[in-house]
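# Tertiary structure, described
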Amino acid sequence: MATTTRPARTPAAAGGSRDRGPSVGSLLARTPAVVLAGGLAVVFLFPLVWAAVASVSPQGGTAQSVGWGFANYVTLANYQAGIWQYLLNSVIVSGLTVVLTLTTSLLGGYAFAMFRFPGKDLLFLLTLAILMVPYATLLIPLYVLLNALGLSNSLVGLALVLTMFQLPFATFMMRISFESVPRELEESALVDGCGTFGALRRVLLPAVKPGLITVGLFAFLAAWNDFITPLILISDSGKVPLPLAVANMRQQVMGIVDYGATEAGVVVLALPCVVLFLLLQRHYVRGFMSGALKG
Amino acid sequence: MTTTTTPTVPAVAARPRGRRRPLRSSRAVVGWLYATPTLVFLVLFFLVPVLLVVRMSLSDWPLFAGDRGLNAPDNYVAAVDLRLFWPAVAFTLTYTVVTTVILLAVSLGLALLVQESSRWKSLVRTAFLVPSALGLASASLLFYALYSPQSGPFGQALQGLGVVDEPVSFLGTPTSALWSTVFLIVWRFAGFYMLLLLVGLQAISGDVYEAARIDGAGWWQTFTRITVPLLRPSLALCTILCVTGSLLAFDQFYILTKGGPDNSTVTIVQLVYNVAFQGQNDLGVAAAVSMIVLGALVLLNVAQLKGLRGGDR
């Protein structure tokens, strides 16, 4: 667009200038960038490292002085219903959400990619339309709806709602996954006497596994980290998932915030996410760098 | 993986002609069966709530009493008359503009810094990306502790360096609360937007830069004349995501400031929450505020889609 001269001499010039050798000049030119980037990396990592250190350190804001160790975690563990209860709540909600999202998007993706049926396009468009409607504005009617269904204050209700919010991404992802599978694979399975379900289970499932892993990871992270949905849908303080419990704990202690225990809570909350991210970042980053450009 | 032994039968194409029709229609039925769970979720937890929020916004609907019949347009009048309605709109818009500008600038800077791959750059990239693995609520709780005037490291460092004499109140004044939150958001999201921008940068061919270099363009000229224009689709995507996300901000303010000090950081979603569940307990008015947000966002999305399409080619 803005370039005016056509680069007729480019190939030759490019060949000449792309010397890979670490000449003194280029090293010198690079140093400020390295220092700047390194400094910024420290800035980005600092809060996480600080949280980990502070969670086992004696500071913390409460009057009683404790030494280095897990005292903050003990405080966290003993908060009201106990951390195990809140962890369990989080695990139930996240697990249910992951299972429901995977099942629904697997079957839906199969239908959208491999079958023709009336109303298919409309249904798919409506699924994507969930993205157009802001999350928070649906929570008020969902609160009323779940009450009417007898699912108020229940982890199952919470998981159902979280699954619905996952559907646009999950269905889209699974549809693409199925569409990239060669048609012959399904047809040959059908000819061999598998029903469509047999073909799905035995032949197609392994082929769409990368898509399922991505969908599962996103569903887990979304459910594990969600805050506003349980805040609105769950009123029983013993039934809230961990993020809400940690936030509540912070507010409860008579105006004095126990920063140490809060830090411990943050570590427990963040640890699975950071570990999963580091384990899967290869797939995640590559998926973005290669595929996400389309669109 | 463990694909069961299904040798491909060569006669795939030789399916009897006559059976085609019934086969296809029965396949349509099967297709519908597989799509049924999606349909159920869609109808029950999306379409019904969408219709319900419309109905609620037109009805007298106290939190504990339920539907007491239509009262349109009372809720909309009451919504706009809420003491905090316009302040919340103004604050949400301010926050959105500030966040979007700063976040995009920082993310673009990071992306340019780590653009080509090398070992140290991919390490740095990971460092930038790690915060985006955290939930927004976790990140907000973390920064709540970081901002603690007494035990937080920022306050301690400022006092230790002698910059200030008293504990600093990072969340105590309207201005500092806004900037502290923006800082948290930049920390949490910059890596993710950097990744989106890197995808865009990757798509710009090296030849274009080479040509510019030959033409004698300096760094700044190359950046403004080539990088930014060619990066427009990626920048637009980041802008849409950031604007939409910021207009619906909730977790960060609920956790860091609870809307304070003096209601200066009440966002629209916080207002919906307050009207529905704190004090007023009026679901009808909360639904009306929701409808206003919904309408505004749908309009915004349509406009952005149009702009993107139109601007593309």
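What counts, and where the lines are drawn
Residues numbered from 1 in each chain as written. Chains lettered and ligands numbered in written order. Predicted model: local features only at pLDDT ≥ 70, side-chain atom pairs only at ≥ 80, totals over all residues. Heavy atoms only, no water. Contact = heavy atoms within 4.5 Å. Buried area = accessible area lost by both parts, 1.4 Å probe. Salt bridge = Lys/Arg side-chain N within 4 Å of Asp/Glu carboxyl O. Polar contact = N/O pair within 3.5 Å; in protein donor to acceptor, adjacent residues only side chain to side chain. Helix = DSSP H or I, 4+ residues; strand = E, 2+ residues; numbered from the N terminus. Nonpolar A, V, L, I, M, F, W, Y, C, P; charged D, E, K, R; others polar. UniProt positions renumbered as here; feature names shortened; annotations may be inferred. Disulfide = S-S within 2.5 Å. Buried < 20%, exposed > 50% of the residue type's maximum accessible area, 1.4 Å probe, protein only. Core = buried A, V, L, I, M, F, W, Y, C linked by side-chain atoms within 4.5 Å. pLDDT = per-residue confidence, 0-100. Phe/Tyr/Trp six-rings, centres within 6.5 Å; stacked < 30°, edge-to-face > 60°. Lys NZ or Arg CZ within 6 Å of the ring centre and 35° of its normal. Expected span 1.5 Å × (residues − 1). Bend = angle between axes of the 7 residues up to and from the residue.

### What about the interface of chain A and chain B?
Every contact between the two is made by 103 residues of chain A and, on the other side, 100 residues of chain B. When chain A packs against chain B, the two sides together hide about 9100 Å² of surface, and 78% of this comes from carbon and sulfur. In this structure, the salt-bridge partner of glutamate 186 of chain A is arginine 27 of chain B, at a minimum N-O distance of 3.3 Å. Between the two partners, chain A and chain B, sit seven residue pairs in polar contact (both at pLDDT 80 or more). Considering each element in turn, the side of chain A that touches chain B owes the most residues, 15 residues, to helix α13 (residues 259-291) of chain A. Here the side of chain A that touches chain B is composed, by residue class, of 76 nonpolar, 17 polar and 10 charged.

### Describing the UniProt feature "transmembrane region" (unreviewed entry) in chain A
Residues annotated in UniProt with the feature "transmembrane region" (unreviewed entry) correspond here to residues 27-50, 86-110, 122-143, 155-174, 211-234 and 259-280 of chain A. Structurally, residues 122-143 of chain A comprises 77% helix and 0% strand, and the distance from its first C-alpha atom to its last is 27 Å.

### Remarks on the state of the cysteines
Residues and elements named next belong to chain B. Per the stated rule, a full pass over the model turns up zero disulfides over all chains. As a non-bridged cysteine, cysteine 238 has cysteine 242 as the owner of its nearest cysteine sulfur, 8.4 Å distant. Using a relative accessible area of 0% as the deciding quantity, one classes cysteine 238 as buried. Note on cysteine 242: relative accessible area 3%, which makes it buried.

### A word on the nonpolar core
Generally speaking, nonpolar side chains in soluble globular proteins are found buried as a group. Ranked by size, the top nonpolar core spans 181 residues in total, and within it Phe178 of chain A together with Leu283 of chain B carry the most contacts. When residues of this core are assigned to their parent elements, the largest contribution, 15 residues, is made by helix α7 (residues 174-203) of chain B. Residues contacting phenylalanine 178 of chain A, with those up to four places away along its chain left out, are Leu106, Gly109, Tyr110, Ala113, Met114, Leu200, Leu204 and Val208 of chain A.

### Section: the environment of methionine 174 of chain A
Residues and elements named next belong to chain A. Mapped onto the secondary structure, methionine 174 falls in helix α7 (residues 155-179). Taking C-alpha positions, methionine 174 is 19 Å from alanine 223, a pair spaced 49 residues apart along the chain. Each residue touching methionine 174, except ones within four places of it in the same chain, is listed here: Ser105, Leu106, Gly109, Val208, Gly211, Leu212 and Val215.

### Quick word on the confidence of the model for chain B
All names here are of chain B. Averaged over every residue, the pLDDT of chain B is 87; the share at 70 or more is 90%. Here helix α6 (residues 153-160) is the element of chain B with the lowest mean pLDDT, 81, and helix α3 (residues 85-113) is the one with the highest, 96. Throughout residues 1-21 the model reports pLDDT below 50, and contacts reaching past four residues in sequence, or to other chains, amount to 13 contacts. Taken over the whole predicted complex, pTM reads 0.85, whereas the ipTM for its chain interfaces reads 0.84.

### So, the pattern of salt bridges
Under the definition given, this model contains five salt bridges over all chains. A salt bridge links glutamate 179 of chain A to arginine 175 of chain A, with the nearest nitrogen and oxygen atoms 3.1 Å apart. Remark: arginine 175 of chain A and glutamate 179 of chain A occur in helix α7; sequence separation between them is four residues, near one turn of the helix. Judged by its relative accessible area of 45%, glutamate 179 of chain A falls in the partly exposed class. Taking the shortest distance from any N to any O, the salt bridge between aspartate 67 of chain B and arginine 55 of chain B comes out at 2.8 Å. Of the two residues, aspartate 67 of chain B is situated in the loop between α1 (20-57) and α2 (74-81) and arginine 55 of chain B in helix α1; the sequence distance between them amounts to 12 residues. A relative accessible area of 36% means that aspartate 67 of chain B is categorised as partly exposed. Look at arginine 55 of chain B and you get partly exposed, because its relative accessible area is 34%.

### A word on the packing of aromatic side chains
This model, assessed by the stated rule, comprises 36 aromatic pairs over all chains. When the ring of phenylalanine 143 of chain B is compared with that of tyrosine 147 of chain B, the centres are 5.7 Å apart and the planes differ by 65°; the resulting orientation is edge-to-face. Both residues of the pair, phenylalanine 143 of chain B and tyrosine 147 of chain B, count as buried. Ring pairing ties together the aromatic residues Phe46 of chain A together with Phe143, Tyr147, Phe154, Phe170, Phe183 and Trp187 of chain B, which thus form one cluster. Over the ring of phenylalanine 124 of chain A we find arginine 175 of chain A; its NZ or CZ atom is 4.4 Å from the centre of that ring. The ring of phenylalanine 189 of chain B is capped by arginine 188 of chain B, whose NZ or CZ atom sits 4.5 Å from the centre of that ring.

### Things to note about unusual backbone geometry
Residues and elements named next belong to chain B. Between alanine 72 and the following residue, proline 73, the backbone shows a cis peptide bond with an omega angle of -5°. With respect to the helices, strands and loops of the structure, proline 73 is situated in the loop between α1 and α2. Of note, the amide linkage connecting glycine 260 to proline 261 takes the cis form, showing an omega dihedral of -10°. Assignment of secondary structure puts proline 261 in the loop between α11 (251-256) and α12 (268-277). The backbone of aspartate 262 shows a phi angle near 55°, a positive value even though the residue is not glycine. Among the structural elements, aspartate 262 can be located in the loop between α11 and α12. Residue classification places aspartate 262 among the exposed residues on the basis of a relative accessible area of 80%.

### Topic: helix α6 (residues 135-148) of chain A
Residue and element names in this part refer to chain A. Here α6 contains 14 residues, and its C-alpha end-to-end distance of 20 Å stays within 8% of the 20 Å for a straight helix at 1.5 Å per residue. Within α6, the axis deviates most sharply at proline 141, by approximately 35°. Here α6 has its buried residues at Ala136, Thr137, Leu138, Leu139, Ile140, Pro141, Leu142, Tyr143, Val144, Leu145 and Leu146. Two residues or fewer after α6 comes glycine 150, characterised by a positive phi angle close to 70°.

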